[in-house]
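Spelled out, the chains give:
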Amino acid sequence: VIIVTSDNGPHAAGGIIDPTLLNGAGGLDGMKFELFEGGLRVPMIGRWNGRWPAGHTVNDPHALWDLPSTFRELSGAPQKHTDGISLVSKFEGRAGPNHESLYWESYHIIQPSRTASGYLRQEAALRVGDKKIIRVEEQSTASYVLVFDVSDPFPDESFSENLAHDLSSCDWLPELTARLNAEH
């Protein structure tokens, strides 16, 4: 079994590295430490000769915390209770379980330059189906909420259009906001 993936999108490395180099986020908005799609969506390539069909694509959202459950199933080890689900059936081209929701948190220091002092930025995000809400809290500004439609094929190629400007189309927002607050 060979699986190649990444844990996050591109990184600015304190202003030393250009995160747009080689189009590391694939045109998506965001980078490492951010809960935008460019910081979370990464490719995963897997191969197991004779078990996983060549050219097969899985488009359902999954997370790195699914890999331990996947490896336990592949090895025959007993499953443990985690937030992850095994991806073996999906890799084999069969129907399999999906996450009802995905939740992330990120806490990091924003440092505008190598010499400037930084400030704390906290983010929490919840994705349910094709809807995603991100709450951002920064020491330097007030808290704010961003709302996105992350369906495939996506209406906004970079997932950068914040739908919060027209909440009349977001009848699902109160439920997601309550769930995000309950998770955090």
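Overview of the structure. Just so it is clear, the structure is predicted and the values come from calculations on it, not from any experiment.

Turning our attention to the overall build of the protein. Within the protein one finds four helices and six strands. Ordering the α and β elements of the protein from the N terminus gives β-α-β-α-α-β-β-β-β-α. The buried share of the protein, taken over its 184 residues, is 34%. Counting only contacts in the protein whose residues sit at least 6 apart along the sequence, the fraction spanning at least 24 positions is 45%.

Taken together, Ile2, Val4 and Ile45 make up a surface patch of nonpolar side chains, about 310 Å² in accessible area. Tracing the sequence through the fold places Ile2 in strand β1 (residues 2-4).

Another point: the nonpolar core. In this structure, Leu35, Phe36, Ala63, Leu102, Trp104, Ala125, Ile134, Val136, Leu146, Phe148 and Val150 together form the largest nonpolar core, which totals 11 residues. Counting 10 residues, the second largest nonpolar core, distinct from the first, contains Tyr103, Val128, Ile133 and Trp172.

This next bit is on helix α4 (residues 173-183). At 3.6 residues per turn, the α-helix brings residues three or four places apart onto the same side. Among all positions of α4, only Leu173, Leu176 and Leu180 are buried. End-on view of α4: buried residues confined to an arc of 65°, all on one side of the axis. Opposite the buried face of α4, at more than 90 degrees from it, the exposed residues are Pro174 and Ala182.

Our focus in this paragraph is the environment of Trp172. Tracing the sequence through the fold places Trp172 in the loop between β6 (144-149) and α4. Distance from Trp172 to Lys131, taken between C-alpha atoms, is 8.3 Å for residues 41 residues apart in sequence. Here Trp172 is in contact with Lys131, Lys132, Val147 and Phe148, once residues within four sequence places are set aside.

What follows is about helix α2 (residues 67-75). Turning to α2, its buried residues number three or more, namely Leu67, Ser69, Thr70 and Arg72. Next to the buried residues of α2 lie β1 and α3 (88-91). At the C-terminal side of α2, Gly76 shows a positive phi close to 85°.

So, on to the packing of aromatic side chains. By the definition in use, this model includes three aromatic pairs. Ring geometry for Trp52 versus Phe91: centroids 4.7 Å apart, planes at 55°, classification tilted. One end of the pair, Trp52, is in the loop between β2 (45-47) and α2; the other, Phe91, is in helix α3, and 39 residues separate them in sequence. One exposure class covers both Trp52 and Phe91, and it is buried. One aromatic cluster in this structure is built from Trp48, Trp52 and Phe91.

On to the pattern of salt bridges, then. Once their charged atoms are close, side chains differing in charge can pair, the charge on each being opposite to the other. Enumeration according to the criterion identifies nine salt bridges in this entry. Across the salt bridge formed by Glu100 and Arg179, the nearest N and O atoms sit 2.7 Å from each other. Of the two residues, Glu100 sits in the loop between α3 and β3 (102-110) while Arg179 sits in helix α4, which places them 79 residues apart along the sequence. Exposure remark for Arg179: the relative accessible area of 24% places this residue in the partly exposed category.

Conventions used here
- Residues numbered from 1 in each chain as written.
- Predicted model: local features only at pLDDT ≥ 70, side-chain atom pairs only at ≥ 80, totals over all residues.
- Heavy atoms only, no water.
- Helix = DSSP H or I, 4+ residues; strand = E, 2+ residues; numbered from the N terminus.
- Buried < 20%, exposed > 50% of the residue type's maximum accessible area, 1.4 Å probe, protein only.
- Contact = heavy atoms within 4.5 Å.
- Patch = residues over 30% accessible without salt bridge, like charges linked within 9 Å, V, L, I, M, F, W, Y side chains within 5 Å.
- Areas by Shrake-Rupley, 256 points an atom, 1.4 Å probe, with all protein chains shown as cover.
- Salt bridge = Lys/Arg side-chain N within 4 Å of Asp/Glu carboxyl O.
- Core = buried A, V, L, I, M, F, W, Y, C linked by side-chain atoms within 4.5 Å.
- Arc of directions from axis to C-beta.
- Phe/Tyr/Trp six-rings, centres within 6.5 Å; stacked < 30°, edge-to-face > 60°.

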